[in-house]
Amino acid sequence: KEKKSQLDAATPATLVVELPADAKLLIDNEATVSTGANRIFQSPALAPEREYQYTLRAEVVRNGKPIKAEQVVTVKAGEITTVKLTLPPAGVAQH
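So, a few notes on the structure that sits alongside this text. (Residues numbered from 1 in each chain as written. Predicted model: local features only at pLDDT ≥ 70, side-chain atom pairs only at ≥ 80, totals over all residues. Heavy atoms only, no water.)

Observations regarding unusual backbone geometry
Excluding glycine, a negative phi dihedral is what most residues carry, and trans is how most peptide bonds are arranged. Rules: For every residue, the accessible area obtained with a 1.4 Å probe (protein chains only) is divided by the maximum for its type, and the residue is called buried under 20%, exposed over 50%, and partly exposed between those limits.
Positive phi, close to 65°, is recorded for Glu49, a residue that is not glycine. For Glu49, a relative accessible area of 69% puts it in the exposed group.

Focus on the nonpolar core
In plain terms, the rule: Nine residue types can take part in a nonpolar core, namely buried Ala, Val, Leu, Ile, Met, Phe, Trp, Tyr and Cys, and a core is a set of them joined through side-chain atoms within 4.5 Å. Every helix listed is a DSSP run of H or I at least four residues long, and every strand listed is a run of E at least two residues long, numbered separately from the N terminus. Throughout, a contact is declared for two residues whenever any of their heavy atoms are within 4.5 Å.
Ranked by size, the top nonpolar core spans 21 residues in total, and within it Leu56 and Val75 carry the most contacts. Elements supplying a minimum of two residues to this core: strand E1 (14-18), strand E2 (24-27), strand E5 (51-62) and strand E6 (65-76). A total of five residues in this core trace back to one element, the largest contributor, which is E5. If we skip the residues at most four places from it in the chain, Leu56 touches Leu15, Val17, Leu26, Ile27, Ala69, Glu70, Gln71, Val73, Val83 and Leu85.

So, in structure tokens, the structure goes:
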């Protein structure tokens, strides 16, 4: 029997996202169910030695107006990536 090393096996990536506690978090346009200022997302098993990208979007309503921030994050199998999504203050024009 041949044993695969940990480096050869597909493993998930872990994404830690810091954002306002009341913000809605979407990963690749899929809403997450977690809440709080720190959200942890574990990807499906990923092939080692490759980079994968996720698009993160935070949405919150301030003074009746939606505010959004979006960021593309690169992750690798077996690694923990921490991202801070900072939303612009209410009243600042959104692009």
